[in-house]
Amino acid sequence: MGLVPRGRGLRNPDLRDRLYDLLEHDPLAYSVGSRFIQLVIGVIVFNVAAMILASVPELDARFGALFAGITILSVIVFALEYAARLWTVAGHTQRKGSALADRLGYAFSALGIIDLMAFLPAAIVLATGEHATLAALGVLPFFKLIRYSPAMRSLLAAVHAERRALIGCIVILIGAVLTFASLLYAIERDVQPDKLGTIPQAMWWAIVTLGTVGYGDVVPVTPLGKFVSTFAIIAGFAMIALPVAIISSAFAEEVKRRDFVVTWGMLARVPLFSHLSAAEIADIMRLLRARTIEQGEILVRRGDIASSMYFITAGEVEIALPSQHVRLADGTFFGEIALLHKTKRSGTVTATRKTRLLVLDAQDFHALIARMPTLADHVHETAKARLADSGDLALAELAQAKEGTDR
């Protein structure tokens, strides 16, 4: 991240911004931020594994020092990460408040509490020497994976969005438990006073019945009690299906929303679409599909039939042309010349590092420029100019791609 000028140290706002980007952004695999994420995930995995294995007496006797070392290292790493996040969050929130307000907002947020609980209880237990308690708390760092898992974050966002409906489900469940517990108490209290002699005892039966668990430790014996139990079992199916349906539909909507935001952000990096309106960009989004290629992977080969146009949103590719090799990076695009002239690929395209692309198929490309005159004019005029200058389809395609970088 560079050297810190003498006398500025941690007060350097540039250092804080760079550290915030390192901690909070979602980088590609080749970046420093990605290596940091891999380091933290590795520490989480080793820490949780050490705590699990430490609960086995034989393994603890042989490798106790190693397990303790892993735990101490994990506590230090998580504590430093928490302190860094607490320091860098100032000035990077939507509220635009004071530095203290920003830091308190992070400290009391869900992710902030998870980050704190990942090391603070373990640190306290290490200081007090309660080994069994340490093993029990060892799984807490696992929840830090929520920060690095888009699927888990989407699930939490879905639960938060539907929290009122889920609270309503809980209220309904409590009402059902009380209703069926009271009924069975009234029916069975004289027959089974040791199991259903009080409403709290009957509530245990109602909970396991509505939860479709049915341990069998408490069951009705009278015909009327069995009749009530039938309705309790049927109601239990609804108690399970209702929150599951709410969460699953909310999760699906959250994933769609997140994909929409990500794709919109990727499109915003493409200079070719910078002059389009929001409605036109939304129209294009329905046609594009995201694709990620790994380092060294060949995207297209020279001589292949041109079937798609590609936009690079993050990463870098190398185009091997007959006379030269050229690299294209973020914001560039290629493949439209071959699509316009319905020719074969003029070069082989290989990813030099992990790269994210937006792909526009040939049929959608022609349909798009047919209904968007402004975009069609831009593509055709640029392609015509490049072809007139070079007369070489490969060079024209390359020049067109480079134009996106120059802008």
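- As recorded by an unreviewed UniProt entry, the protein chain carries the name Voltage-gated potassium channel and is attributed to Bradyrhizobium yuanmingense.
- Note on the protein chain: under the UniProt heading Subcellular location (unreviewed entry), the record states "Membrane".

### Some words on the packing of aromatic side chains
Phase 1 of the analysis: Across all of its chains, the model carries six aromatic pairs by this definition.
Phase 2 of the analysis: Where Tyr 82 meets Tyr 106, the ring centres are 5.7 Å apart and the plane angle is 40°; that geometry is what we call tilted. On the criterion of sequence distance, the pair formed by Tyr 82 in helix α3 (residues 57–88) and Tyr 106 in helix α4 (residues 99–107) is long-range, its members being 24 residues apart.
Phase 3 of the analysis: Using a relative accessible area of 12% as the deciding quantity, one classes Tyr 82 as buried.
Phase 4 of the analysis: Relative to Phe 143, the ring of Phe 142 lies with its centre 6.0 Å away and its plane at 80°, an arrangement referred to as edge-to-face.
Phase 5 of the analysis: Members of the aromatic cluster, joined through ring pairs, are Tyr 82, Tyr 106 and Phe 119.

### Focus: the sheet that holds strand β6 (residues 333–334)
Phase 1 of the analysis: Taken in spatial order, the four strands make up an open sheet running β1-β8-β3-β6, and their pairing is antiparallel. In the strand order of this sheet, the two ends are held by β1 (289–293) and β6, each with one partner.
Phase 2 of the analysis: Sheet analysis places strand β3 (residues 308–314) next to strand β8 (residues 355–361), joined by six bridges and oriented antiparallel. The residue of β8 that forms the bridge with Ser 308 is Asp 361.

### A word on the pairing of strand β4 (residues 317–320)
Phase 1 of the analysis: Side chains of β4 alternate between two faces, with Val 317 and Ile 319 buried and Glu 318 and Ala 320 left unburied.
Phase 2 of the analysis: By the bridge criterion, four bridges tie β4 to strand β5 (residues 325–328) in an arrangement that is antiparallel. Across the sheet, residue Ile 319 finds its bridge partner in β5, namely Val 326.
Phase 3 of the analysis: Relative to strand β7 (residues 348–351), β4 runs antiparallel, the two being bridged by four bridges. Counterpart to Ile 319 in the pairing with β7 is Val 349.

### Here we look at α4
Phase 1 of the analysis: The complete set of buried residues in α4 reads Asp 102, Tyr 106 and Ala 107. What you see down the axis of α4 is that its buried residues fit within an arc of 135°, all on one side.
Phase 2 of the analysis: Check the buried side of α4 and you find it contacts α3, α5 (110–117) and α8 (145–148).

### Regarding the sheet that holds β4
Within a sheet, each strand pairs with its neighbour through backbone hydrogen bonds, oriented either parallel or antiparallel.
Phase 1 of the analysis: Strand order in this open sheet of four strands is β2-β7-β4-β5, and the pairing throughout is antiparallel. A strand with exactly one partner marks an edge of an open sheet, and here the two such strands are β2 (298–300) and β5. Across the sheet, the mean angle from the axis of one strand to that of its neighbour is 30°, orientation sign disregarded.

### A look at the layout of surface pockets
Phase 1 of the analysis: Each pocket or cavity is described by its volume, and for the second largest pocket that value is around 250 Å³.
Phase 2 of the analysis: Where the lining of the second largest pocket is concerned, the elements lending two or more residues are α10 (163–188), α12 (199–210) and α13 (223–268).
Phase 3 of the analysis: By residue number, the principal contributor to the lining of the second largest pocket is α10, which donates seven residues.

### Brief notes about the pattern of salt bridges
Phase 1 of the analysis: Inspection of the entire model under this criterion finds eight salt bridges.
Phase 2 of the analysis: Salt-bridge contacts for Glu 81 lead to Arg 85; the nearest nitrogen and oxygen are separated by 2.9 Å. Taken as a pair, Glu 81 and Arg 85 lie in helix α3 at a separation of four residues, close to a single helical turn.
Phase 3 of the analysis: Since its relative accessible area comes to 5%, Glu 81 is described here as buried.
Phase 4 of the analysis: In this structure, Asp 115 and Lys 144 form a salt bridge, with 2.9 Å as the shortest nitrogen-oxygen distance. With Asp 115 in helix α5 and Lys 144 in the loop between α7 (131–137) and α8, the pair connects residues that are 29 residues apart, well separated along the chain. Considered together, Asp 115 and Lys 144 belong to a single accessibility category, that of buried residues.
Phase 5 of the analysis: Counted as one network, the salt bridges with shared partners bring together Glu 81, Arg 85, Asp 115, Lys 144 and Arg 147.

The rules behind each value
Residues numbered from 1 in each chain as written. Predicted model: local features only at pLDDT ≥ 70, side-chain atom pairs only at ≥ 80, totals over all residues. Heavy atoms only, no water. UniProt positions renumbered as here; feature names shortened; annotations may be inferred. Phe/Tyr/Trp six-rings, centres within 6.5 Å; stacked < 30°, edge-to-face > 60°. Helix = DSSP H or I, 4+ residues; strand = E, 2+ residues; numbered from the N terminus. Buried < 20%, exposed > 50% of the residue type's maximum accessible area, 1.4 Å probe, protein only. Pairing = 2+ DSSP bridges. Arc of directions from axis to C-beta. Contact = heavy atoms within 4.5 Å. Axes fitted to C-alpha atoms, helices over the stretch in contact; angles between N-to-C directions. 1 Å grid on protein atoms, 1.4 Å probe; cavity = no way out; pocket = protein on both sides within 12 Å on 5 of 7 lines; lining within 4 Å. Points joined across faces, edges and corners; volume = space filled by probe spheres on them. Salt bridge = Lys/Arg side-chain N within 4 Å of Asp/Glu carboxyl O.

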